[in-house]
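Letter by letter, the chains look like this.
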Amino acid sequence: MHRILTTRQVARALLVISDYFSRLRALSSLWLARPRDARHGMAERASHRPRPRRHGQRNRA
């Protein structure tokens, strides 16, 4: 690899890879710690979301 990249480029690449995995671990921790609704699964929860209103639509009463 020393023929393709300089020592500085290799060091920088390793730091970037390390930073990437650090951020990935943090994101994974946040995902695992997210609040979860025990009554519904993920797919059921998504299907019960209210649809966003389009511009100019009124609330149904």
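Residues numbered from 1 in each chain as written. Predicted model: local features only at pLDDT ≥ 70, side-chain atom pairs only at ≥ 80, totals over all residues. Heavy atoms only, no water.

If you check an unreviewed UniProt entry, the chain appears there as DOG1 domain-containing protein from Oryza glumipatula.

So what's going on with the packing of aromatic side chains? Residues and values would help.
Counted by the stated rule, this structure contains 1 aromatic pair. Where Tyr 20 meets Phe 21, the ring centres are 5.3 Å apart and the plane angle is 75°; that geometry is what we call edge-to-face. The class for Phe 21 is partly exposed, based on a relative accessible area of 44%. The positively charged end of Arg 34 is found above the aromatic ring belonging to Trp 31, 3.8 Å away from the centroid. (Phe/Tyr/Trp six-rings, centres within 6.5 Å; stacked < 30°, edge-to-face > 60°. Buried < 20%, exposed > 50% of the residue type's maximum accessible area, 1.4 Å probe, protein only. Lys NZ or Arg CZ within 6 Å of the ring centre and 35° of its normal.)

Give me the pattern of salt bridges: which residues, what numbers.
This model, assessed by the stated rule, comprises 1 salt bridge. Here Arg 23 ties to Asp 19 by a salt bridge, and the two come within 2.9 Å at their closest N and O atoms. You can see Arg 23 and its partner Asp 19 sitting in helix α1 (residues 7–32), 4 residues apart, about one turn around the helix. For Arg 23, a relative accessible area of 60% translates into the label exposed. (Salt bridge = Lys/Arg side-chain N within 4 Å of Asp/Glu carboxyl O. Helix = DSSP H or I, 4+ residues; strand = E, 2+ residues; numbered from the N terminus.)

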